[in-house]
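Here is what each chain is made of, one letter per residue.
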Amino acid sequence: LYLLTKGYEYKLYPEKIKVTGQDTSLSVRLARARAGVQMVLDRILPAEESGLMQAVLTGDKEKIPDESYTLYSKAGVVHVLCISGLHLSILALYLAFFLEKALGRSKRTSALVTIFAVFAFLLFIKSSPSSYRAALMITVVLLGRAFYRLPDALNTMAIAASLLLLFQPLYLFHAGFQLSFSAVIGIAVMIPVLQDGWEEAAPSL
């Protein structure tokens with residue numbers, strides 16, 4: 001069930017693999033670029049540092065030493081090694097800001113270019129369900145900007161969740177799906193409550 005939620009339906013154990021053709025699609029080119037980045041990191045950095053950098057830049061955590069992964073896990077910061085909403089949000093934020101402020105592009109053009117860049121980055125990295133969730137939520141927000149609509153957190157999450165479940169219904173039983181949406185819904189619901197409480201308490205302070 002876990003493998004199905006990640007898009008794997010079978011396990012194969014081939015004794016020999018032979019390449020019979022060459023695919024020149026965008027996804028394959030980006031995968032080759034990812035392999036090139038990993039090769040450069042292996043060449044210029046020690047093994048442990050290379051493994052950590054590959055996780056942060058390309059989403060490939062296979063080369064992280066077990067000891068290092070355990071330390072990050074115990075410190076509660078293992079999420080920095082997983083490309084998800086944090087990384088994609090930073091990418092989208094700075095790219096949209098650069099296009100609008102530095103290049104003078106319209107909000108619509110900046111939003112559409114940023115959406116394309118986010119999904120190209122998904123093809124470049126080893127994507128995970130968390131990165132797909134983040135990409136869909138960012139896309140919904142940016143499409144709202146493209147059509148000059150104000151974003152609504154709950155509507156954005158509902159659209160993203162619906163699209164993900166339409167693509168893969170088994171995500172509903174994935175712990176990451178449940179935790180991420182529960183956390184964001186909790187934040188979206190509690191922020192207005194806390195703001196109202198602060199405004200009521202502010203005069204007395």
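Quick look at the structure, then. A quick note: this is a predicted structure, and the numbers were derived from the prediction, not measured.

About the thresholds
- Residues numbered from 1 in each chain as written.
- Predicted model: local features only at pLDDT ≥ 70, side-chain atom pairs only at ≥ 80, totals over all residues.
- Heavy atoms only, no water.
- 1 Å grid on protein atoms, 1.4 Å probe; cavity = no way out; pocket = protein on both sides within 12 Å on 5 of 7 lines; lining within 4 Å.
- Points joined across faces, edges and corners; volume = space filled by probe spheres on them.
- Helix = DSSP H or I, 4+ residues; strand = E, 2+ residues; numbered from the N terminus.
- Nonpolar A, V, L, I, M, F, W, Y, C, P; charged D, E, K, R; others polar.
- Salt bridge = Lys/Arg side-chain N within 4 Å of Asp/Glu carboxyl O.
- Buried < 20%, exposed > 50% of the residue type's maximum accessible area, 1.4 Å probe, protein only.
- Expected span 1.5 Å × (residues − 1).

**Some points on the layout of surface pockets**
Thought 1: In this structure, the second largest pocket spans a volume of roughly 350 Å³.
Thought 2: Every residue lining the second largest pocket is counted, 13 residues in all, and those nearest its centre are Ser89, Ala92, Leu93, Ile138 and Val141.
Thought 3: Looking at the lining of the second largest pocket, the elements with two or more residues in it are helix 5 (85-102) and helix 7 (129-146).
Thought 4: Sort the elements by how many residues they give to the lining of the second largest pocket and helix 5 lands first, with seven residues.
Thought 5: Across the lining of the second largest pocket, the residue classes tally to nine nonpolar, two polar and two charged.

**Some remarks on the pattern of salt bridges**
Thought 1: Per the counting criterion, the structure on display carries one salt bridge.
Thought 2: For Asp42, the salt bridge identified is with Lys63, shortest N-O distance 2.8 Å. Of the two residues, Asp42 sits in helix 2 (residues 26-44) while Lys63 sits in the loop between helix 3 (47-58) and helix 4 (66-75), which places them 21 residues apart along the sequence.
Thought 3: Lys63 sits in the partly exposed class, given a relative accessible area of 42%.

**Thoughts on helix 5**
Thought 1: The first and last C-alpha atoms of helix 5 sit 25 Å apart over 18 residues, in line with the 26 Å expected at 1.5 Å per residue.
Thought 2: Looking at helix 5, one finds that the buried residues are His87, Leu88, Ala92, Ala96, Leu99 and Glu100.
Thought 3: Residue Gly104 follows helix 5 closely and has a positive phi angle near 70 degrees.

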